[in-house]
Every structure is written in structure tokens, then in C-alpha cells.
Amino acid sequence: MRIGVLGTGNMADALATHWARAGHEVTIGGRDPHKARRLAQRVGGGAESGSPRSAAESGQVVLAALPFEAGAAVAGELRAVLEGKVVIDCSNPVGPGFRLLTRGGLSAAERLAAAAPGAHVVKAFNLCHEDVWRMRPPVFDGRPLAVPVCGDDGTALARVRELVRDVGCEPVAGGGLERAGLLEATAALFIALWVGEGADAQAIAPPLAYAAGPVQ
């Protein structure tokens, strides 16, 4: 698969490295050519570098590894290039005080979709710190990390599920893109629990067998 990566930060680094190791053709796109070139070298696997536009043009799938504040603007600039492509949004619109910045409005993923209406936007990879995505693989107590995936296009979802597995995780159907805001709100809550309270967010949910009531 050809994957274009928009951004040169930690999430771009972590996910692109997995995908290059899995044999995908990766192009890193950044506004700073030096940073993009340096990240491509670090990713390895023949990864190339270029501008955001050239990375978007090269990919069948495009990872928008961008800050929430920049995502929709960049998608709008590249809307013609992103036509028909799968765009993965991994951003978290979380501000000071662990506040959800999109409260009452469109989710970050829906804003990307509105800015590039011809793209097939999928929300994924937003619930964990980048260091979790650097793990090879992210497995805890013998169980691979589960990654919720939200989107409206079946082909796009299938491609993202493949990329989730290439990271060593298990994809979980999260519903349509209208549910991306729930994933973003979950991230805001988890970050507040982990960072703000030092609490184990995983402990707030019972095992699946107990989720719907008493075990029969």
C-alpha cells in the first residue's frame, strides 16, 4: 500500500515506522524539508520525503498526523489532491484542563471531512500516547491493544483495519464517522484520568462478560 504522511511529529514517526517495516511505501510530507527528510531516514524501509502535497499525491492512504488546530486547514489546502483517498485522523482536540475543544460542534475528524469532502476520513489511533504506538507490538498481559475505527466507507475501513493489524493491534468497529466525536471525548477523559489524576483508566470498565448485566 502507498501511504502518505502529513506531519513530522511523534505520531507520524511511530506509525510510519511500523508501516514501512510491514512493506508499505511511505512518503513523509512536511513543510520543513529537512525535518521531513530526517524523519524518512529514521523510518527506514525506503521511505521518501517531500512536501505535504507530494505526500498526499503519493498515497492511497494519507495519515493526517497533525495538531487539531492545523488539520482542517491543511485538508482544505489539499482537498483536490485528497479526492477519493483514505485519510486517517489521529488527532485529539484536547486543550488546557483536559477540555474537549470541539464540545458542541463537529469532531476533529468531521472537520477534516468537511474541509476535504471528496476524501474518505477514518478516525483511528487517537486513544494512546505515541510511545504506545512505538511498541513492537503493543501487547498488554498477552492481549494485543484494541483500536476503535470510525468511518463511513467500507473500502476505507478495510484498509485502515489492515494498517491497524500491521501495527500489531486488533481493529474494533467503532461505527460511522459521526461517532468519531465519542472517541475524541473518550481520549479527553482518559488523558484527564491518566495525567490529571494518576488513575488507571482501564480499570473503569468491567470485563465484557459483565458489561450487559449480571452473568447468567
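Residues numbered from 1 in each chain as written. Predicted model: local features only at pLDDT ≥ 70, side-chain atom pairs only at ≥ 80, totals over all residues. Heavy atoms only, no water.

What am I meant to see in the overall build of the chain here?
Regarding its fold elements, the chain presents 8 helices and 12 strands. For the chain, whose C-alpha radius of gyration is 17 Å, the value lies close to the compact-globule estimate of 17 Å for 216 residues. In terms of principal-axis extent, the alpha carbons of the chain reach across some 55 × 40 × 35 Å. Across the 216 residues in the chain, those meeting the buried criterion constitute 45%. (Helix = DSSP H or I, 4+ residues; strand = E, 2+ residues; numbered from the N terminus. Rg over C-alpha atoms; globule rule 2.2 N^0.38 Å. Buried < 20%, exposed > 50% of the residue type's maximum accessible area, 1.4 Å probe, protein only.)

Would you explain the sheet that holds strand 4 (residues 61–64) in this entry?
The strands making up a sheet associate through backbone hydrogen bonding, with each pair oriented either parallel or antiparallel. Spatially, 3-2-1-4-5-8-11-12 is the arrangement adopted by the 8 strands of the open sheet, whose pairing is mixed. The sheet is open, and its two borders are formed by strand 3 (48–50) and strand 12 (170–173), each paired with just one other strand. Pairwise comparison of adjacent strand axes, ignoring direction, gives a mean angle of 30° for this sheet. In this structure, strand 11 (residues 146–151) lies alongside strand 12, joined through 4 bridges in parallel fashion. Within strand 12, the residue paired with P148 across the bridge is V172. Against the sheet, helix 2 (residues 33–43) engages strand 2 (25–29) and strand 3, with an angle of about 170° to strand 3. Across the sheet, helix 5 (residues 108–115) is in contact with strand 4, strand 5 (86–89) and strand 8 (120–123); its angle to strand 8 comes to roughly 170°. (Pairing = 2+ DSSP bridges. Axes fitted to C-alpha atoms, helices over the stretch in contact; angles between N-to-C directions. Contact = heavy atoms within 4.5 Å.)

Explain the pairing of strand 4 here, please?
In summary, the side chains of a regular strand alternate between the two faces of the sheet. Alternating residues of strand 4 divide into V61 and L63 and V62 and A64, and every residue in both groups is buried. Pairing between strand 1 (residues 2–6) and strand 4: 4 bridges, direction parallel. For I3, the partnering residue across the bridge sits in strand 4 and is V61. Relative to strand 5, strand 4 runs parallel, the two sharing 4 bridges. Bridge pairing in strand 5 links A64 to D89.

What exactly am I supposed to notice about the pairing of strand 1 here?
Most of strand 1 sits inside the fold, with 4 of its 5 residues counted as buried. Two elements, strand 1 and strand 2, share 5 bridges in a ladder whose sense is parallel. Counterpart to I3 in the pairing with strand 2 is V26.

Can you help me understand the nonpolar core in this one?
If you look at the biggest cluster of nonpolar residues, it comprises 37 residues, and the most contacted ones within it are W19, V26, I88, F125 and W133. Per-element accounting of this core gives the leading share, 7 residues, to helix 1 (residues 10–21). What W19 contacts, discounting residues up to four positions off in sequence, is I3, H24, V26, L63, I88, F125, L163, D166 and V167. Among the nonpolar cores identified, the runner-up in size contains 20 residues, and A56, V62, L66 and A115 belong to it. (Core = buried A, V, L, I, M, F, W, Y, C linked by side-chain atoms within 4.5 Å.)

What is the right way to look at helix 1 in this model?
In an α-helix, one turn spans 3.6 residues; hence positions three or four apart end up facing the same way. Taking 1.5 Å per residue, 12 residues should reach 16 Å; helix 1 reaches 17 Å between its end C-alpha atoms and fits that length. Extensive coverage of helix 1 is indicated by the burial of 10 of its 12 residues. (Expected span 1.5 Å × (residues − 1).)

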